[in-house]
Amino acid sequence: MQLKNPDLLRHQCLINGQWLSATEGGVIEVTNPANGELVGVVPKMGKAETAVAIEGANVAFQAWREYTAKERGTLLRKWFDLIMANQADLALIMTIEQGKPLAESMGEIAFAAAYVDWFAEEGKRVYGDLIPATQRNRQLVVMKEPVGVCAAVTPWNFPAAMITRKAAPALAAGCTIVIKPASQTPFSALALCYLAEQAGIPAGVINVVTGDSGAIGTELSTNPTVRKLSFTGSTSVGIKLMEQSASTVKKVTMELGGNAPFIVFNDADLDAAVEGAIVSKFRNSGQTCVCANRILVQEGVYEEFIKRFTIAVNALKLGNGMEPGVTSGPVIDAKAVKFMTALVDDAKAKGGKIVAGGKVGDLPGTFFEPTLVAYASEDMRVAKEEIFGPIAPVFAFKDEADAIRLANDTEYGLACYLYTNDNKRIWKMSSKLEYGMVGINVSLVATEVAPFGGMKASGVGREGSKYGIDDYLEIKYLCIET
Ligand SMILES: NC(=O)C1=CN([C@@H]2O[C@H](COP(=O)(O)OP(=O)(O)OC[C@H]3O[C@@H](n4cnc5c(N)ncnc54)[C@H](OP(=O)(O)O)[C@@H]3O)[C@@H](O)[C@H]2O)C=CC1
Ligand SMILES: O=C(O)[C@H](O)CS(=O)(=O)O
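Residues numbered from 1 in each chain as written. Chains lettered and ligands numbered in written order. Predicted model: local features only at pLDDT ≥ 70, side-chain atom pairs only at ≥ 80, totals over all residues. Heavy atoms only, no water.

The name an unreviewed UniProt entry assigns to the chain is NAD-dependent succinate-semialdehyde dehydrogenase, from the organism Leeia speluncae. The heading Sequence similarities (unreviewed entry) in the UniProt record of the chain holds the text "Belongs to the aldehyde dehydrogenase family." (UniProt positions renumbered as here; feature names shortened; annotations may be inferred.)

Laid out in structure tokens, this is it:
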């Protein structure tokens, strides 16, 4: 890997300001999903190293909380500046360990940095209250204080943004953090924390532990010193972490699975809907929690939509994300390829028509072709399961009531998309759609200034926006005799 700044590629974990190997010397291998080549190894740490990191974060918290919000903001902005100055190298690391096209990696690094920039400022707007007393000789004061040591467990699909979306509000609030990145994409997290250290963020404030996710996760979720746990990943793991966190009554933020409906009415701008469906469905080869998982098209435009969408899907270029012009990289591993094949086989067996793609990619890595399933039906696995890959099932619906019924027929409630130009319908549908985020003639909704998150099996809490720092704060009420 030819980096301008080779120091960014870290093979040890940052704990209490020291770069350490696993106590017992174990390592986990990281491979490039585009070709199966070894990228490098990181420490296989466990409970013991995690406990050391938590204790160190607690010691660092005592001093970090005494920094003013402005002082913390200045350091966060230096971190932002270093991330952007190293954007090309960080994007290269991401594409090689995760597979997404380089242009998407460049975009994710900027997106990740935007959270640092946003919370560098938000920390300075953590206000309290002075409440008019109900009794004479009383002052009622509300203060907000950092919760303390935080933990973050993050997924492989956004190896940088999911780190800063948690670390930035934590640090801005005056908390410290221990991060457990996905084992398939640890180098992005390690590089970001190296830059945090270079920015002058004190030892122990931000820590990364790689290795045995079960052992590390159990320590993070049951150690009483940890007061807040933020998780992004599957609903099943999220539930497990919530259960484990309950024993010490931690605050939790859970950004979990999704099953986004992408609804296209007869009156929609069809070219805009096709373009939006391509972006929402095939970004990161469909490996995002907010990807269009079910495309619902009203009967009047169904055939025309299929015709135009087929052309657009066939125009996608599958390949190594390092190659110019590649729009679709590999899926994360062989297990994902096997899952895609099973979903396509199930759809075909139940009457679906594969009008684009449908096969394992004829390339050395773990590739699956961008796929379009026409005439999809509710009994198919693609209607109920989170695809988390490059398969676009297109369902037909009759009217608004049918669209709402289909759209809400899932245990998830993260993101959904609505393409129509009828204003009355926009407000009526938006109020009935059971989702935390609604894109209206828009297919990319995530931004650092807006609350990201969902309901039902998609999790609890919001990240980003003015709301994103609240879960890193405790409210303290002072009742003072005057
Ligand atoms: N709502 C959202 O914003 C997002 C949701 N997701 C969801 O995550 C899923 C795909 O991502 P994926 O990474 O496979 O999800 P996983 O839940 O398998 O993994 C997420 C993280 O949890 C860790 N982990 C796994 N098992 C445990 C455990 N027992 N205790 C503690 N940590 C554990 C993993 O570590 P390791 O890598 O070592 O296994 C990884 O760091 C999809 O369902 C997707 O929808 C993904 C991204 C965003
Ligand atoms: O993890 C994800 O899937 C991301 O949160 C999606 S987004 O924020 O990049 O839209």
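Alright, that's what it looks like, and here's the rest.
Colleague: Tell me what's going on with helix α14 (residues 423-432), and back it up with residues and numbers.
Modeller: Here α14 has its buried residues at R425, I426 and M429. Viewed end-on, α14 has its buried residues packed into an arc of 105 degrees, placing them on one side of the element. Residues of α14 that are exposed and angled more than 90 degrees away from the buried face: N423, K424, W427 and S431. Looking at the buried side of α14, the elements it contacts are β12 (260-264), α13 (400-408), β18 (415-419) and β19 (437-440). If you check the start of α14, you find a side-chain oxygen 3.0 Å away from the backbone N of K424, and it comes from D422. (Buried < 20%, exposed > 50% of the residue type's maximum accessible area, 1.4 Å probe, protein only. Helix = DSSP H or I, 4+ residues; strand = E, 2+ residues; numbered from the N terminus. Arc of directions from axis to C-beta. Contact = heavy atoms within 4.5 Å. Polar contact = N/O pair within 3.5 Å; in protein donor to acceptor, adjacent residues only side chain to side chain.)

Colleague: Could you give an account of the sheet that holds β12, with specific residues and numbers?
Modeller: Sheet strands line up and pair through hydrogen bonds in the backbone, either parallel or antiparallel. Strand order across the open sheet formed by seven strands is β14-β15-β16-β13-β12-β18-β19, with mixed pairing between neighbours. Of all strands in the sheet, those bounded by a partner on one side alone are β14 (353-356) and β19. Neighbouring strand axes in the sheet, compared pairwise and without regard to direction, differ in orientation by 25 degrees on average. Strand direction decides the pairing type here: β14 and strand β15 (residues 371-374), joined by three bridges, are antiparallel. When the bridges of β15 are listed, I354 appears paired with V373. Sheet strands touched by α13: β12, β13 (292-298) and β16 (391-397). Its angle to β13, the strand with the most contacts, is close to 170 degrees. (Pairing = 2+ DSSP bridges. Axes fitted to C-alpha atoms, helices over the stretch in contact; angles between N-to-C directions.)

Colleague: Tell me about the side chain of K100, and please be specific about residues and values.
Modeller: Along the chain, the position of K100 falls in the loop between α3 (87-98) and α4 (102-122). Polar contacts involving the side chain of K100 include one to the side chain of E108, which spans 2.5 Å. In terms of polar contacts, K100 uses its side chain to reach the backbone carbonyl oxygen of N157, at 2.9 Å. Setting aside residues up to four positions removed in sequence, K100 forms contacts with M94, T95, S105, E108, N157, F158, P159, N284 and G321.

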